[in-house]
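As a plain string of letters, each chain reads:
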Amino acid sequence: MVVRGEKGQLPRYEPVLDLPPLSPEQYEALRHHVALHGVLVPILVDGDGPVRRIIDGNHRRRVADELGYDCPEVVQAGMDEAEMRTLARSLNLARRQLSQEQRRQLVADQLVETPGRSNRWVAGRLGVHHATVASVRCLLESTGQIDQCPALLGADQRLQPARKPPRAVLRTPEERRARLEATTLLHGDCRDVLPTIPSASVDAIVTDPPYPEVRREYGRMTEADWLDLMKGVVAEARRILKPTGSMVVVLQPNYESVGRMRLWLWEFLLWAAREWNLVQDVYAWATDAMPLAGTGRSQGLTRQSVKTCVWLGPPGCYRDQDRVLKTPSSRTSARRRSDLAVREGRSRKGYKEGTLAGVAAERGGTTPFNRLPISNGRQPGGHGDHPSRTAYDLAAWWCRYLVPEGGVLLDPFAGSGVVLQAGLDEGAGQVIGIDKWAGYLDIARGRIVDE
Ligand SMILES: C[S@@+](CC[C@H](N)C(=O)[O-])C[C@H]1O[C@@H](n2cnc3c(N)ncnc32)[C@H](O)[C@@H]1O
């Protein structure tokens with residue numbers, strides 16, 4: 001029932017915000033529904049005067065007018081303009097089927113209006129993930145649409161230093177669309193999702209799974225449960241990979257108590273090597289991990305300086321050494337080939353440069369060092385709200401090495417998508433990520449488009 005103004009006139013309605021229009025199909029569906037049932041959910045207005053601002057329900061109001069129906073109202077008084085706009089955005093984000101771009105636009109509008117508020121504050125008001133806000137903020141800052149604030153006001157009314165903004169990559173809308181089109185994010189337990197992926201359809205799997213006996217917000221597993229999970233994943237991986245495909249599992253050991261390591265990593269490695277094949281033992285060395293850093297007692301991790309990359313696949317699996325080895329210049333190669341002087345190596349054994357170079361050429365190259373010195377420092381930026389992101393440079397190294405140009409990359413424990421992001425950067429034509437936490441996949445989506 002509409003409450004008339006003092007002189008019996010019908011009130012005038014004005015939207016608080018211009019929101020994305022409904023598609024013709026959506027509008028028709030709403031009209032049909034209202035025609036059948038009337039307006040069941042009251043619209044939200046700022047008062048009962050002659051001019052009423054609609055905070056929520058512009059379309060319901062319009063359809064009711066068209067059909068000559070009553071449109072029930074709820075009054076939410078006492079809000080200022082900015083508060084009404086924030087509430088309008090939040091209600092639309094929660095209820096409407098908005099495209100990713102439309103959702104990001106609403107977040108952008110809010111950031112333009114309240115650039116000094118923290119990402120979490122904005123996220124809380126709008127009901128979106130704070131990583132989404134961080135990614136939109138980054139884009140707005142990099143295009144000069146908002147200023148970079150040195151400090152942001154949080155929900156507790158305290159100023160917090162603003163996080164270092166993510167590495168801003170300016171992409172055209174077409175590039176962003178292409179990256180999203182090349183990405184498939186599947187929400188669910190990978191044990192349920194992997195069986196839906198066709199056999200022999202993937203070129204490489206690079207993954208950083210959860211580790212057992214480690215407390216994370218995504219849960220904690222016993223060693224036995226973990227081995228069970230990974231055995232299932234490896235079996236599926238072998239089915240899904242093309243005959244020349246291989247899989248890398250990045251693992252960080254941990255201990256039961258100081259002086260007593262847990263053995264799950266080596267148990268898995270031995271089992272998988274016997275079942276399938278260990279292509280090479282490879283270790284990622286975080287050159288900047290301080291002694292004891294990362295030894296989170298609360299989590300149960302050992303220091304993160306060395307991780308084992310368990311590389312499984314057929315002995316002749318695809319790898320492109322040219323992309324990871326530094327190639328000597330042709331002059332250096334020629335000099336090496338013709339250098340037949342006997343020299344003494346560090347082990348005091350004699351060797352000839354020419355013989356080594358000849359053998360390398362004959363065998364089709366050398367094996368890269370199996371220790372990858374990779375700094376943790378260059379982490380992806382503002383979408384970094386995953387508790388255990390993978391170092392970007394490590395993911396990129398493996399993708400360069402194992403994913404053919406235009407190939408398909410899979411990460412069954414994709415988290416916030418660092419491996420997928422690196423895969424696309426290194427030329428993968430399609431990347432597929434699975435995670436059982438939908439929130440992480442939201443972060444991944446932002447990362448893939450903006451970082
Ligand atoms: C170490 S994190 C991956 C980090 C990721 N590479 C990144 O950079 O953000 C492991 C991920 O596995 C996910 N996970 C754990 N168990 C899973 C399961 N059974 N199926 C799918 N995802 C799972 C967790 O939610 C977590 O995001």
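Residues numbered from 1 in each chain as written. Predicted model: local features only at pLDDT ≥ 70, side-chain atom pairs only at ≥ 80, totals over all residues.

This paragraph deals with the site of the ligand. Near the ligand you find 22 residues, and of these Tyr 218, Phe 413, Gly 415, Ser 416 and Val 418 are the closest. Mapped by element, the contributors of at least two residues to the shell around the ligand are helix H8 (190-193), helix H14 (418-425) and strand E18 (430-435). Looking at the shell around the ligand residue by residue, the classes come out as eleven nonpolar, five polar and six charged. (Near = placed C-beta within 6 Å. Helix = DSSP H or I, 4+ residues; strand = E, 2+ residues; numbered from the N terminus. Nonpolar A, V, L, I, M, F, W, Y, C, P; charged D, E, K, R; others polar.)

Turning our attention to helix H13 (residues 392-402). The buried fraction of H13 is high, at nine of eleven residues. The secondary structure elements touched by the buried residues of H13 are strand E8 (202-207), strand E9 (241-251), strand E12 (278-285), strand E16 (371-373), strand E17 (408-411) and H14. (Buried ≥ 20, exposed ≤ 12 C-beta atoms within 10 Å, placed from the backbone. Contact = placed C-beta atoms within 7 Å.)

With respect to topology, four strands assemble into an open sheet ordered E1-E3-E2-E4, the strand pairing being mixed. At either end of the open sheet lies a strand with only one pairing partner, and these are strand E1 (12-15) and strand E4 (73-75). Averaged over all pairs of adjacent strands, the angle between strand axes in this sheet comes to 40 degrees, irrespective of strand direction. Of the strand pairs in this sheet, E1 and strand E3 (residues 51-56) are connected by four bridges, and their pairing is parallel. Bridging from a neighbouring strand, Glu 14 pairs with Arg 53 of E3. (Pairing = 2+ DSSP bridges. Axes fitted to C-alpha atoms, helices over the stretch in contact; angles between N-to-C directions.)

Our next topic: the confidence of the model for the chain. Interpretation of this model should avoid reading the predicted coordinates in detail wherever pLDDT is low. For the chain, per-residue confidence averages 85 on the pLDDT scale, and residues scoring 70 or more make up 87% of the total. Throughout residues 1-5 the model reports pLDDT below 50, and contacts reaching past four residues in sequence, or to other chains, amount to twelve contacts. (pLDDT = per-residue confidence, 0-100.)

Another point: the sheet that holds E12. If you trace the eight strands from one edge of the open sheet to the other, you get E7-E18-E17-E8-E9-E13-E12-E16, paired in mixed fashion. Edge strands, defined here as strands with exactly one partner in the open sheet, are strand E7 (183-187) and E16. Here the strands of the sheet are splayed against their neighbours by 20 degrees on average, with no regard to which way each runs. Packing against the sheet, helix H9 (residues 223-240) makes contact with E8, E9, strand E13 (306-312) and E17, and its axis sits at approximately 150 degrees to E9. Lying on the sheet, H13 is in contact with E8, E9, E12, E16 and E17; it crosses E8 at an angle near 160 degrees.

We note that Gln 157 has phi near 65 degrees; this positive angle belongs to a residue other than glycine. When you line up the elements, Gln 157 lands in the loop between strand E5 (151-153) and strand E6 (159-161). Since 7 C-beta atoms lie within 10 Å of it, Gln 157 is described here as exposed. Even without being glycine, Ala 200 reaches a positive phi, approximately 50 degrees. Here Ala 200 lies in the loop between H8 and E8. Exposure remark for Ala 200: the 10 C-beta atoms within 10 Å place this residue in the exposed category.

Across the six residues that make up E3, a large majority, five, are buried. Of the pairings in the sheet, the one linking strand E2 (residues 43-45) to E3 comprises two bridges and is antiparallel in character. Each bridged residue has a counterpart across the sheet, and for Leu 44 the counterpart in E3 is Asp 56. Once E2 ends, the chain turns through five residues before running back antiparallel as E3.

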